[in-house]
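As a plain string of letters, each chain reads:
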Amino acid sequence: MAGCTGGGGGSGSGSDSGSTETATPTAEDTAVATATGTTASSTPELVVATYGTFVDAPSTSPGRWIKETFESEFDATLTFETPDSEINYYIERANRGIDIDADVYAGVRVRDLIRIDEQLDGGLFTTVEGVPGQENVKSDIQFDPSGRVVPFATGYVSLVYDRTQGAYGDYSAPETFEGLLESEYEGDLLAQNPASSTTGRLFLLHTIQEFGPDGYLDYWADLQDNGARVLGSWSDSYGAYQEEQAPMVVSYSTDQVYAARSDENLDQHQIRFLNDQGYADAEGMAMFEGTDTPDLARSFAEFMLRPEVQGEIAQQWVSFPATTTADLPDSFATYAQEPPEGVAFNYEILRDNLSEWTREWERQFASK
């Protein structure tokens, strides 16, 4: 639920000797998501790197619609490139001085940006300014202080709970973090490992927001003492939730959008914002420094921020739009729930602390 050829010239091409290094093709070099049809060689190509589920998730993904709609307007071919290691693939190529053939990366999160800045001296993406529609992006989901990443979607981590699991069909999740520790909720929560799951990492960060760097490990110890189960991934935990192994799971507050589309019982997809807050999960797009088609890449960024495109991405990706001007049907607001307050650490705090916070959690809980 809620993701090649041509394109760029590469960031960091060349070697110490001054010659151009040619990479030996690997399986990931050919990990290109579906691109139907053929075009004449004179047709410009835009290579958009992303993660696999953005293009071919088994439930819903916006990639195919984006490709078809973009190509219907622009005299260009849009090709998706989806290496298994995602952003790490391009970091490794840049570190080795190998050309990068992609022009844009769609799906950059703050953790990706931190990894880029930690591992690359010269960076990977170029600054993007003045793209039409960029002024409509919500200010509270901007996460790159250097202006390289333009958000195009966001979500909020929340609890999803099953009302029907109560003795009288009236189960209700607690309203606060402390409430999860009460004995009546013993064994009721399914969460994810923050070292291996984006959802788990965001929930961990929300607990740090609430209890501070000196208190979050004690809170997690109390959670596990109360029977909370931590599984490896969102898919693992949500699958267990659907099998009714527990009545609550850490997920996203757009859960009802997909449930309603699938005609599922919405009583089994209730949303709870602990402390009336949701931890924000923004993802954005960025232009590779070595793109050979910067104008087309900027056109793609403008396209992604258009009201009608923002609205369609939100519905197909089961997410919230990044802009304040998205065209959305009234039914979307019925099922997609925004928290009274969105929270998130800024880039600088995460850059300096995220790795250590996660390692501390692993040291205390990964073996349990």
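Residues numbered from 1 in each chain as written. Predicted model: local features only at pLDDT ≥ 70, side-chain atom pairs only at ≥ 80, totals over all residues. Heavy atoms only, no water.

**Describing the overall build of the chain**
Rules: Numbering of helices and strands runs from the N terminus, with a helix taken as a DSSP run of H or I at least four residues long and a strand as a DSSP run of E at least two residues long. The buried label applies to any residue whose accessible area, calculated with a 1.4 Å probe on protein chains only, is under 20% of its type's maximum; exposed applies above 50%, and partly exposed to all values in between. Using a 1.4 Å probe, the Shrake-Rupley method yields the accessible areas, and only the shown protein chains count as cover for residues.
Each helix and strand in the chain was counted, giving twelve helices and twelve strands. Counting over 368 residues, the chain shows a buried share of 54%. Carbon together with sulfur atoms contributes 42% to the accessible area of the chain, which is approximately 15800 Å² in total.

**Considering the pairing of strand β2 (residues 77-81)**
To keep it simple, the criterion reads: Should DSSP find at least two bridges between two strands, the strands are regarded as paired.
Across the five residues that make up β2, a large majority, five, are buried. Strand direction decides the pairing type here: strand β1 (residues 45-49) and β2, joined by five bridges, are parallel. Directly across from Ala 49, in β2, lies its bridge partner Glu 81.

**Describing empty space enclosed by the protein**
Basically, it comes down to this: Residues are said to line a cavity or pocket when one of their atoms sits within 4 Å of a point; the points come from a 1 Å grid over protein atoms alone, cavities being sets where a 1.4 Å probe fits but cannot get out and pockets being open sets with protein on both sides within 12 Å along at least five of seven lines. Grid points are joined across faces, edges and corners, and a volume is the space filled by probe spheres set on the points.
Counted as a void, the largest cavity has a volume near 50 Å³. What lines the largest cavity is Val 104, Val 128, Val 150, Met 285, Ala 286, Met 287, Ala 297 and Ala 301. Considering each element in turn, the lining of the largest cavity owes the most residues, three residues, to strand β10 (residues 277-288).

**Structural notes on helix α10 (residues 307-317)**
Along α10, the residues that are buried comprise Val 309, Gln 310, Gly 311, Ile 313, Ala 314, Gln 316 and Trp 317. Looking one or two places after α10, you find Val 318, whose phi comes out positive at around 50°.

**Quick notes on the pattern of salt bridges**
If the charged atoms of two oppositely charged side chains come close together, the side chains can form a pair. For clarity, the threshold we go by: Each reported salt bridge corresponds to a side-chain nitrogen of Lys or Arg within 4 Å of a carboxyl oxygen of Asp or Glu.
Across all of its chains, the model carries eleven salt bridges by this definition. Note that Lys 67 is salt-bridged to Glu 71, the shortest N-O span being 2.6 Å. Here Glu 71 and Lys 67 lie together in helix α2 (residues 63-73), a separation of four residues that amounts to about one turn. We note a salt bridge from Arg 115 to Asp 112, for which the minimum N-O separation is 3.5 Å. You can see Arg 115 and its partner Asp 112 sitting in helix α4 (residues 110-119), three residues apart, about one turn around the helix. The burial state of Arg 115 is the same as that of Asp 112; both residues are buried.

**Let's talk about helix α3 (residues 87-95)**
For clarity, the cut-off: For this analysis, residues touch if any pair of their heavy atoms sits within 4.5 Å.
Those residues of α3 not exposed but buried are Ile 87, Tyr 89, Tyr 90, Ile 91, Arg 93 and Ala 94. Buried-residue contacts for α3 involve β1, β2, β3 (104-108), α4, β4 (125-126) and β10. Once α3 ends, the next one or two residues include Gly 97, with phi positive near 70°.

**Side note on the pairing of β10**
Where burial is concerned, most of β10 is hidden: twelve out of the twelve residues are buried. Looking at chain direction, β3 and β10 are connected through four bridges and run antiparallel. Paired with Val 108 across the strands is Gly 284, a residue of β10. In terms of strand pairing, β4 meets β10 through two bridges, oriented antiparallel.

**Observations regarding the layout of surface pockets**
Spelled out, the test is: When residues are grouped by polarity, Ala, Val, Leu, Ile, Met, Phe, Trp, Tyr, Cys and Pro land in nonpolar, Asp, Glu, Lys and Arg in charged, and all others, Gly among them, in polar.
Considered as a void within the structure, the second largest pocket measures approximately 340 Å³ in volume. Only α4, α5 (198-211), β10 and α12 (347-365) provide two or more residues apiece to the lining of the second largest pocket. Along the lines of polarity and charge, the residues of the lining of the second largest pocket split into 14 nonpolar, two polar and six charged.

**Quick word on the side chain of Thr 293**
Structurally, Thr 293 is set in the loop between β10 and α9 (294-305). Beyond its immediate sequence surroundings of up to four residues, Thr 293 is in contact with Glu 45, Leu 46 and Asp 103.

**What about the packing of α2 against α9?**
To keep things clear, this is the line we draw: An axis is simply a line fitted to the C-alpha atoms; with a helix, the fit covers only the stretch in contact. Between two such axes, the angle follows the N-to-C directions and lies from 0 to 180 degrees. The crossing is said to be left-handed when, going from far helix to near helix, the turn is anticlockwise and less than a right angle, and right-handed when the turn is clockwise.
Two elements in contact, α2 and α9, have axes separated by 12 Å at closest approach and are oriented at 115°. Considering only the axes of α2 and α9, their crossing is right-handed. Where α2 abuts α9, its residues Ile 66, Thr 69 and Phe 70 lie against Leu 296, Ser 299, Phe 300, Phe 303 and Met 304. Here the contact of α2 with α9 is composed, by residue class, of six nonpolar, two polar and no charged.

**Observations concerning the packing of α5 against helix α6 (residues 216-225)**
Relative to each other, α5 and α6 sit at 120°, their axes nearing to 9 Å. Seen along the crossing, α5 lies across α6 with a hand that is right-handed. On the side of α5, the interface is formed by Phe 203, Leu 204, Thr 207, Ile 208 and Phe 211, while α6 contributes Tyr 216, Tyr 219, Trp 220 and Leu 223. Class assignment of the residues belonging to the contact of α5 with α6 gives a composition of eight nonpolar, one polar and no charged.

**Overview of the nonpolar core**
Going by this rule: Grouping buried Ala, Val, Leu, Ile, Met, Phe, Trp, Tyr and Cys residues that are joined through side-chain atoms within 4.5 Å yields what is termed a nonpolar core. Start and end points for every domain follow an automatic or database-based domain assignment.
Judged by nonpolar contacts, the single largest core of 90 residues is most densely connected at Leu 124 and Phe 300. Broken down by element, the residue count for this core peaks at seven residues, all from α9. Counting residues domain by domain, this core receives three or more from each of domain 1 (45-155 + 280-340 + 350-354) and domain 2 (157-279). With sequence-adjacent residues up to four places away left out, Phe 300 is seen in contact with Leu 46, Val 48, Ile 66, Phe 70, Leu 78, Val 104 and Met 285. Leu 231, Trp 234, Tyr 241 and Phe 273 belong to the second-largest nonpolar core, a separate cluster that totals eleven residues.

**Regarding the environment of Val 149**
Along the chain, the position of Val 149 falls in the loop between β4 and β5 (150-161). Apart from residues lying up to four places away in sequence, Val 149 is in contact with Val 108, Leu 113, Gln 142, Phe 143, Asp 144, Gly 284, Met 285 and Ala 286.

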